[in-house]
Amino acid sequence: MDVEIEKPHVHHKPTGHRRLDLVLPITALFVSFVSILIAWHHSHIMSELVHQNERIVEAESLPYLEIYTSYLSSDLRTPTLRLTVQNEGVGPARVAEVLMTVNGKPVPDFNTLVDRCCAPGLLQARKDSAKQFRGMRNGEVVLSRLRDRMIRPGEEIDAFAWPITAQNKQLVDRLKTGLESDEINRSVCFCSVFDECWVRTDEDRWPVAVKQCPVESVPYKQ
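Just so we're clear, the structure is a prediction, and the values are computed from it rather than from any experiment.

So what's going on with a nonpolar patch on the surface? Which residues, and what values?
Taken together, the side chains of F33, L37 and W40 define a hydrophobic patch exposed on the protein surface, amounting to about 370 Å² of accessible area. Structurally, W40 is set in helix α1 (residues 18-59). Accessibility expressed as a relative area gives 54% for W40, which makes it exposed.

Please set out the side chain of T201 residue by residue, giving values where relevant.
Looking at the secondary structure, you find T201 in strand β9 (residues 197-201). Setting aside residues no more than four positions away along its own chain, T201 makes contact with R186 and S187.

Explain helix α4 (residues 169-180) to me, and be specific about the residues and the numbers.
Spanning 12 residues, α4 covers 16 Å between terminal C-alpha atoms, matching the ideal 16 Å at 1.5 Å per step. All of the buried residues along α4 are L171, V172, L175, G178 and L179. Relative to the axis of α4, the buried residues are bounded by an arc of 120° and lie together on one face. Projecting away from the buried face of α4 at angles above 90 degrees are the exposed residues Q170 and E180. Those residues of α4 that are buried are in contact with β1 (65-72), β2 (79-87), α2 (110-117), β7 (156-163) and β8 (184-191).

Reading the values: the criteria
Residues numbered from 1 in each chain as written. Predicted model: local features only at pLDDT ≥ 70, side-chain atom pairs only at ≥ 80, totals over all residues. Heavy atoms only, no water. Patch = residues over 30% accessible without salt bridge, like charges linked within 9 Å, V, L, I, M, F, W, Y side chains within 5 Å. Areas by Shrake-Rupley, 256 points an atom, 1.4 Å probe, with all protein chains shown as cover. Salt bridge = Lys/Arg side-chain N within 4 Å of Asp/Glu carboxyl O. Helix = DSSP H or I, 4+ residues; strand = E, 2+ residues; numbered from the N terminus. Buried < 20%, exposed > 50% of the residue type's maximum accessible area, 1.4 Å probe, protein only. Contact = heavy atoms within 4.5 Å. Expected span 1.5 Å × (residues − 1). Arc of directions from axis to C-beta.

As structure tokens, this is what we get:
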């Protein structure tokens, strides 16, 4: 029958010097504490560097939308009323939601916008094929969809561009006045590729950060 003999535990032998025997374990404990502190500090620095690198990448992908009106075509030759959204940031902007209101009430498209602000009865006249509003068709309005669209850095999109003619000038001037006043307001919610989102309105000097873009009950789809 084999008997397993337990091996004796190894202990540090005392040196015979009382002070030295007291100092050695304290020193070992201190060295261990310093090693742990250095490891924690190194880990903290690495974490901060990773976080800073992430923020740098995000900053290098930051979109910045501007909304403005102008009165010349893109070639700066033809008198044209334009409502433009331009990305002046360094990263692409994903337009998630667009809101256009006339006297505080949202409109879904350009025809409704003109009907509410400038030409009451336009929608009904179009349904009835009435001729009295065909002057609006002189210098066809060019419309572009903003909602659910990606805008590259430096790119600009005209929500609408309406060349001004003698026939439609009075109507276009009314729309221009509405855009320059509080009668017509615009709001665009856009996000970066990292899903950081902002709302840009006529009233705010800077885009306002939001957790996510609100879902409008009546979005402007044109």
